[in-house]
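Fold and contact review
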Amino acid sequence: MATPDLKLISFTLCPYVQRAMIVLNEKNISFDVEYIDLSAPPPWFYDVSPLEKVPVLLVDEKPLFESMVICDYLDEITAGSLYPSNAFAKAQNRAWIEFGNEILNSTYDFFLTDDPKKFKHLKNILIDRFEVLEDEISNGDYFNGADFSMVDAVYAPVFRYHKSIAGYKDYGIFEDAPNVKAWGDRLLERPSVIKSVPGSYKEDLAGYFKKLDSIFSNEISEVLKIN
Ligand SMILES: N[C@@H](CCC(=O)N[C@@H](CS)C(=O)NCC(=O)O)C(=O)O
């Protein structure tokens with residue numbers, strides 16, 4: 001199948017955009033990217049994004065929304081697959097992708113909450129979730145073993161957030177999950193993952209944290225001033 005004309009509508013910090021970008025990079029698909037300001041989206045964005053979220057993939061100018069729908073579509077229109085061929089193993093991979101979505105939700109809440117009890121609870125949830133993953137990851141380099149998979153594409157942006165958090169303050173999130181931490185570090189060194197964010201990512205993320213008024217942003221405010 002000839003690859004259609006593809007344009008990814010993106011936002012610099014979005015982890016859901018990153019997973020689509022990682023699949024595009026892994027599968028050597030040529031595409032254009034357009035970054036928009038999510039706080040003031042251009043009027044045309046509402047016509048292509050029914051949920052008013054990124055990513056959107058324009059496929060020959062026709063919009064596709066929801067990151068996993070986009071990732072699965074890209075996987076299907078190209079040779080090879082980022083999923084295992086066995087139906088049960090594939091379904092299990094999808095279940096762990098959902099688990100990754102939950103970690104992302106808890107991570108957002110961790111960034112945003114101003115309730116000390118909730119903040120502590122979310123920190124413990126994150127520690128627990130990564131500890132659960134410690135028993136699920138393979139002994140190989142990637143989630144399933146030797147080969148990079150869709151699960152890896154989904155978790156790489158999660159690890160990018162957590163590496164950034166640890167750079168500001170060590171909350172011991174991976175204290176019970178050393179192998180998960182090593183898996184994350186490996187993913188963040190992969191070229192497809194490095195290329196999934198713009199060069200301004202670190203500054204953009206710091207700018208985002210500076211605008212927050214939350215327990216997390218207050219706890220890292222001194223380090224944010226230095227960086
Ligand atoms: N379930 C969606 C989530 C995408 C999402 O939450 N994107 C955020 C940016 S990271 C967004 O566009 N938010 C805009 C808003 O909520 O107004 C997906 O997987 O694509």
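Within any chain, residue numbers begin from 1 and follow the written order of that chain's sequence. Under the rules for a predicted model, residues below a pLDDT of 70 receive no local features and side-chain atom pairs below 80 are neither given nor counted, while totals for whole chains, interfaces and linings still include all residues. Values reported for side chains reflect all heavy atoms of the structure, with hydrogen atoms and water molecules removed beforehand.

**Points about the pattern of salt bridges**
Pairing of side chains with opposite charge becomes possible as their charged atoms draw close. Salt bridges, as used here, are contacts in which a Lys or Arg side-chain nitrogen is within 4 Å of a carboxyl oxygen on Asp or Glu. Going through the model one piece at a time under the given rule, you end up with nine salt bridges. Residue D72 pairs with R94 through a salt bridge whose shortest N-O separation is 3.3 Å. Of this pair, D72 sits in helix α3 (residues 67-76) while R94 is found in helix α4 (residues 87-112), placing the two residues 22 residues apart along the sequence. Its salt-bridge partner being E222, residue K225 comes within 3.1 Å of it at the nearest N-O pair. In this pair, K225 and E222 both sit in helix α11 (residues 221-226), three residues apart, roughly one turn of the helix. Note on K225: relative accessible area 63%, which makes it exposed. Working definition: helices are DSSP H or I runs of at least four residues, strands are E runs of at least two. Numbering for both runs from the N terminus. Burial here depends on accessible area, computed with a 1.4 Å probe over protein chains only, as a share of the maximum for the residue type. Under 20% is buried, over 50% is exposed, and the range in between is partly exposed.

**Section: the site of the ligand**
Throughout this document, a residue counts as near a molecule or strand when at least one of its heavy atoms sits within 4 Å of that molecule or strand. Neighbouring the ligand are C14, P15, Y16, L38, E52, K53, V54, P55, E66, S67 and Y108. Contact distances for the ligand include 2.9 Å between an oxygen atom and a backbone N or O atom of V54. Under the rule applied, a polar contact is a pair of N or O atoms within 3.5 Å (in protein, one hydrogen donor and one hydrogen acceptor; residues adjacent in sequence only if both atoms are side-chain atoms). One of the side-chain nitrogen or oxygen atoms of E66 is found 2.9 Å away from a nitrogen atom of the ligand. Surface accessibility in these figures is a Shrake-Rupley result with a 1.4 Å probe; residues are shielded only by whichever protein chains are displayed. Relative to its free-state accessible area of 510 Å², the ligand is covered by the protein chains to the extent of 70%. A cavity here means a set of points on a 1 Å grid, drawn over the protein atoms and nothing else, where a 1.4 Å probe fits but cannot get out; a pocket is an open set with protein on both sides within 12 Å along at least five of seven lines, and a residue lines either one if it has an atom within 4 Å of a point. What decides whether a molecule sits in a cavity or pocket is whether more than half of its atoms lie within 2 Å of the grid points. Cavity membership is defined here by more than half of the atoms lying within 2 Å of grid points; on that basis the ligand lies in the largest pocket.

**Concerning the sheet that holds strand β1 (residues 6-10)**
A pair of strands is treated as paired once DSSP finds two or more bridges between them. Read from one edge to the other, the open sheet built from four strands follows the order β2-β1-β3-β4, with strand pairing classed as mixed. A strand with exactly one partner marks an edge of an open sheet, and here the two such strands are β2 (32-35) and β4 (62-65). Direction aside, the axes of adjacent strands within the sheet are offset by 25° on average. Looking at chain direction, strand β3 (residues 56-59) and β4 are connected through four bridges and run antiparallel. Note on β4: the bridge partner recorded for V59 is K62. Only heavy atoms enter the contact rule, under which two residues are in contact if any of them lie within 4.5 Å. Each axis is a line fitted through C-alpha atoms, and for a helix only the stretch in contact is used; angles between axes span 0 to 180 degrees, taken between their N-to-C directions. The sheet contacts of helix α1 (residues 15-26) involve β1 and β2, and relative to β1 the element is tilted by about 155°. Running at roughly 115° to β4, α3 makes contact with β1, β3 and β4 of the sheet.

**With respect to α3**
Within α3, seven of the 10 residues are buried, which leaves it mostly tucked inside the rest of the structure. Taken together, the buried positions of α3 are S67, M68, I70, C71, D72, L74 and D75. Looking at the buried side of α3, the elements it contacts are β1, α1, β3, β4, α4 and α6 (150-168).

**Some points on the nonpolar core**
Only buried residues count toward a nonpolar core, which is a set of Ala, Val, Leu, Ile, Met, Phe, Trp, Tyr and Cys residues joined through side-chain atoms within 4.5 Å. Core analysis: the largest hydrophobic core is formed by 74 residues, its most contacted members being F130, L133 and Y155. Top element by residues in this core is α6. It accounts for 11 residues. When residues of this core are sorted by domain, at least three fall in each of domain 1 (6-76) and domain 2 (87-226). All domain edges in this entry derive from an automatic or database-based domain assignment.

**Section: the environment of T12**
Its place among the elements puts T12 in the loop between β1 and α1. What T12 contacts, discounting residues up to four positions off in sequence, is Y35, V197, P198, Y201 and D204.

**Here we look at a negative patch on the surface**
Patches in this entry comprise residues that are over 30% relatively accessible and not in a salt bridge; like charges within 9 Å are linked, as are nonpolar side chains (Val, Leu, Ile, Met, Phe, Trp, Tyr) within 5 Å. Think of it this way: Lys and Arg go in the positive column, Asp and Glu in the negative one, and His and the chain ends go nowhere. Charged side chains are reduced to one point each, which is NZ for Lys, CZ for Arg, CG for Asp and CD for Glu. A surface patch of negative charge is lined by D128, E131, D135, E136, D170, E175 and D176. Counting through the fold element by element, E175 comes out in the loop between α6 and α7 (178-188).

**Quick notes on the domain arrangement of the protein chain**
Here the protein chain is partitioned into domain 1 (6-76) and domain 2 (87-226). Here the C-alpha centre of domain 2 lies 21 Å away from the C-alpha centre of domain 1. In this assembly, 16 residues from domain 1 lie in contact with 25 residues from domain 2. The term buried area refers to how much accessible surface (probe radius 1.4 Å) is lost by two components on association, counted for both of them together. Summing both partners gives a buried area of about 1800 Å² for domain 1 against domain 2, and 62% of it is carried by carbon and sulfur. Counting the surface domain 1 buries against domain 2, the share from its top three residues, L13, Q18 and I22, is 32%. In this assembly, domain 1 and domain 2 are joined by two salt bridges. The closest approach of N and O atoms between R190 and E26, which form a salt bridge, is 2.7 Å. When contributions to the side of domain 1 that touches domain 2 are tallied by element, the ones reaching two or more residues are α1 and α3. By residue number, the principal contributor to the side of domain 1 that touches domain 2 is α1, which donates nine residues. Throughout this entry, Asp, Glu, Lys and Arg are counted as charged residues, while Ala, Val, Leu, Ile, Met, Phe, Trp, Tyr, Cys and Pro are counted as nonpolar. The remaining residues, Gly among them, count as polar. Tallied by class, the residues present in the side of domain 1 that touches domain 2 amount to nine nonpolar, three polar and four charged.

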